[in-house]
Protein chains: 2
Amino acid sequence: METTRQRLPAAERRESILAAATVVFGERGYAGATTDQIATAAGISQAYVVRTFGSKETLFVEVARRAVGRIEAAFRSAIEADDGRPVDQRLGQAYLELIADRGILLALLHIFSLGNDPAIGPVGREGFLTIYRLVRDEAGLAPEDASHFLAEGMLINTVLALQLHDCDDPDALELVTQACGGDLVRFRALAAG
Amino acid sequence: METTRQRLPAAERRESILAAATVVFGERGYAGATTDQIATAAGISQAYVVRTFGSKETLFVEVARRAVGRIEAAFRSAIEADDGRPVDQRLGQAYLELIADRGILLALLHIFSLGNDPAIGPVGREGFLTIYRLVRDEAGLAPEDASHFLAEGMLINTVLALQLHDCDDPDALELVTQACGGDLVRFRALAAG
DNA sequence: GTCTATATTATGATAGAC
DNA sequence: GTCTATCATAATATAGAC
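Residues numbered from 1 in each chain as written. Chains lettered and ligands numbered in written order. Predicted model: local features only at pLDDT ≥ 70, side-chain atom pairs only at ≥ 80, totals over all residues. Heavy atoms only, no water.

An unreviewed UniProt entry lists chain A under the name TetR/AcrR family transcriptional regulator, with Jiangella rhizosphaerae as the source organism.

As structure tokens, this is what we get:
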């Protein structure tokens, strides 16, 4: 017999759609993802996805804000949890752990690549600067170090998007190993979910 | 009176479409760009764009290969032109100069973000690894340095895509200054075309 | 080599029932 | 809170003329 559709409170439904949308947008990009794919991933109807957020664009913006929020949260707790290691090392690990949160990093990559879009651009800029300020002001990194840190983060996003960690190619694995600071096995495990 | 449409040899027409497509794909991404926008940018009809490359997907793949080719060419000439400065500095400058070649870097960013796509993914991986091998084997950078170099490159792509160089925000400008190695004015001039 | 016209499909969004 | 049905549009691709 069939499972009846779950009736959820609005807040939970929103969150479940956002989670599904993050994965789908992360895989296909903003324009490439369809509200129908997101609906299927969330286990509801296409119309309901659109109705809940008003439009695909609004949904994407919410996904972007949520993704930035996750990064902020991860970084803040890495800053607080002082275990003796230098703060940039703690931040780097926190960022890598986010790979497990499927789609967050990939969705961000797509958001950042759409700076030209009148609706999405401002959200991307604000999000990126928010993260920059966090690592500079709250973690206390010098501008140069903060910039390097973001650069390494963008490389991680890229090798993750390209799925180089699943390649057989030895050069790909060498590069991923460098990008993740040495622990390829862990990177793979996180990416596999 | 109207200018008559230029009749061009096949090779030149292909190149002019590729150039236009690079800009449009760079601004909107693969799925977000339409063959009609590309046609307008190239000054020809939509049908002719599709007919020349067979499909939008094929066109995008050609754009990707051309973009990677441009980077290879720029890096090879930077490696050859030994002016006494360390090679990674020459490479960095060569990469920055590519900003002037409108769309190349932005198109690449979009290509690299679509690793999941069955047709585009392999092209993106191949392109990225080609560049990695070039800076490692031909420029002679150690894997760690090659990785850092690519990371800085991805940061440049990102701030360019986000158009942080056109922001008023002082933090944005600080970050772009770091990303481009100090010369914000030059970065802006290159980006302005 | 290049265009106009059009077939075809896909997708975002809306209306209205339950 | 959620669905089904449907509208409207946009966009890729094809056919065929010049």
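After that view of the structure, there is still more to cover.
Draft legend 1. Looking closely at the overall build of chain A. Broken down by element type, chain A carries 10 helices and 0 strands. Each helix and strand of chain A, ordered N terminal to C terminal, gives the series α-α-α-α-α-α-α-α-α-α. A globule of 193 residues ought to have a C-alpha radius of gyration of about 16 Å, and chain A, at 18 Å, matches this closely. Each of the three principal axes of chain A carries a C-alpha extent, and together these read 50 × 40 × 35 Å. When contacts within chain A are restricted to residue pairs at least 6 apart in sequence, those whose partners lie at least 24 apart make up 60%. For chain A, the separation between the mean place of its 19 positive charges and that of its 27 negative charges on side chains is 10 Å. (Helix = DSSP H or I, 4+ residues; strand = E, 2+ residues; numbered from the N terminus. Rg over C-alpha atoms; globule rule 2.2 N^0.38 Å. Contact = heavy atoms within 4.5 Å. Lys, Arg positive; Asp, Glu negative; His and termini not counted. Charge placed at Lys NZ, Arg CZ, Asp CG, Glu CD.)

Draft legend 2. Focus on the environment of Gly181 of chain A. Residue and element names in this part refer to chain A. Among the secondary structure elements, Gly181 is positioned in the loop between helix 9 (170–179) and helix 10 (184–192). Taking the relative accessible area as the measure of exposure, Gly181 reaches 69% and is therefore exposed. Taking C-alpha positions, Gly181 is 36 Å from Glu12, a pair spaced 169 residues apart along the chain. (Buried < 20%, exposed > 50% of the residue type's maximum accessible area, 1.4 Å probe, protein only.)

Draft legend 3. Examining the relation of the copies chain A and chain B more closely. Rotating chain A by 180° and moving it 0.0 Å along the rotation axis overlays it on chain B with an RMSD of 0.0 Å. Taken together, the rotation and translation relating the two chain copies correspond to the operation of a two-fold axis. When you check the interface residues of chain A against chain B, 100% turn up at the interface there too, and the contact is symmetric in its surfaces. (Least-squares fit on C-alpha atoms with pLDDT ≥ 70 in both.)

Draft legend 4. Just the protein's contact with DNA strand C, in detail. The full set close to DNA strand C counts 21 residues, and Thr35 of chain A together with Gln6, Leu8, Ala10 and Tyr48 of chain B are the nearest of them. For DNA strand C, the backbone portion of the atoms within 4 Å of the protein, that is sugar and phosphate, comes to 65%. Separating a phosphate oxygen of DNA strand C from a backbone N or O atom of Lys56 of chain A is a distance of 2.8 Å. Among the secondary structure elements, those contributing two or more residues to the surface near DNA strand C are helix 3 (46–53) of chain A together with helix 1 (10–28) and helix 3 (46–53) of chain B. Among the elements that take part in the surface near DNA strand C, helix 3 of chain A stands out by supplying 4 residues, more than any other. Along the lines of polarity and charge, the residues of the surface near DNA strand C split into 9 nonpolar, 6 polar and 6 charged. (Near = heavy atom within 4 Å. Polar contact = N/O pair within 3.5 Å; in protein donor to acceptor, adjacent residues only side chain to side chain. Nonpolar A, V, L, I, M, F, W, Y, C, P; charged D, E, K, R; others polar.)

Draft legend 5. Highlighting the protein's contact with DNA strand D. Taken together, 21 residues are adjacent to DNA strand D, and Gln6, Leu8, Ala10 and Tyr48 of chain A together with Thr35 of chain B come closest. Within 4 Å of the protein, atoms of DNA strand D come from sugar and phosphate in 66% of cases. Ser45 of chain A places a polar main-chain atom, nitrogen or oxygen, 3.0 Å from a phosphate oxygen of DNA strand D. Take Lys56 of chain B: an N or O atom from its main chain is 2.9 Å from a phosphate oxygen of DNA strand D.

Draft legend 6. Molecular detail of the interface of chain A and chain B. Taken together, the contact between chain A and chain B spans 41 residues of the former and 41 residues of the latter. Both sides of the chain A and chain B interface together cover about 3700 Å² of buried area, and 61% of this is carbon and sulfur. Along the contact surface separating chain A from chain B lie 8 salt bridges. For Arg136 of chain A, the salt bridge identified is with Asp171 of chain B, shortest N-O distance 2.9 Å. Sorting the residues of the side of chain A that touches chain B by element identifies helix 1 (10–28), helix 6 (104–112), helix 7 (120–138), helix 8 (143–162) and helix 9 of chain A as the ones contributing at least two each. (Buried area = accessible area lost by both parts, 1.4 Å probe. Salt bridge = Lys/Arg side-chain N within 4 Å of Asp/Glu carboxyl O.)

Draft legend 7. Representation of helix 2 (residues 35–42) of chain B in the model. Residues and elements named next belong to chain B. Among the residues of helix 2, those classed as buried are Thr35, Ile38, Ala39 and Ala42. Angularly, the buried residues of helix 2 cover 100° about the axis, an arc narrow enough to put them on a single face. On its buried side, helix 2 packs onto helix 1, helix 3 and helix 4 (56–80). (Arc of directions from axis to C-beta.)

Draft legend 8. Structural view of the pattern of salt bridges. Using the criterion set out here, one finds 30 salt bridges over all chains in the structure. The salt bridge partner of Arg76 of chain A is Glu138 of chain A, with a shortest N-O separation of 2.7 Å. Of the two residues, Arg76 of chain A is situated in helix 4 (residues 56–80) and Glu138 of chain A in helix 7; the sequence distance between them amounts to 62 residues. The class of Arg76 of chain A is partly exposed, set by a relative accessible area of 34%. The network of salt bridges with common partners includes Arg133, Arg136 and Asp137 of chain A together with Asp169, Asp171 and Glu174 of chain B.

Draft legend 9. Spatial organisation of the UniProt feature "DNA-binding region" (unreviewed entry) in chain A. The sites that UniProt annotates as "DNA-binding region" (unreviewed entry) are residues 34–53 of chain A. Across residues 34–53 of chain A, the secondary structure splits into 80% helix and 0% strand, with the terminal C-alpha atoms separated by 14 Å. (UniProt positions renumbered as here; feature names shortened; annotations may be inferred.)

Draft legend 10. Representation of the side chain of Ser147 of chain B. Secondary-structure assignment places Ser147 of chain B in helix 8 (residues 143–162). Dropping the residues within four chain positions of it, Ser147 of chain B is found in contact with Leu155, Leu175, Gln178 and Ala179 of chain A together with Tyr132 of chain B.

Draft legend 11. The arrangement of the packing of helix 1 of chain A against helix 3 of chain A in detail. All names here are of chain A. Put simply, helix 1 and helix 3 touch, their axes get as near as 11 Å, and they point 110° apart. Between helix 1 and helix 3, the interaxial angle falls into the category roughly perpendicular. The chirality of how helix 1 crosses helix 3 is left-handed. Contacts from Arg13, Arg14, Ile17 and Leu18 in helix 1 reach Tyr48, Val49, Thr52 and Phe53 in helix 3. In the contact of helix 1 with helix 3, the residues fall into 5 nonpolar, 1 polar and 2 charged. (Axes fitted to C-alpha atoms, helices over the stretch in contact; angles between N-to-C directions. Parallel < 35°, antiparallel > 145°, perpendicular 65-115°, else oblique. Left-handed = near helix turned anticlockwise from the far one by under 90°.)

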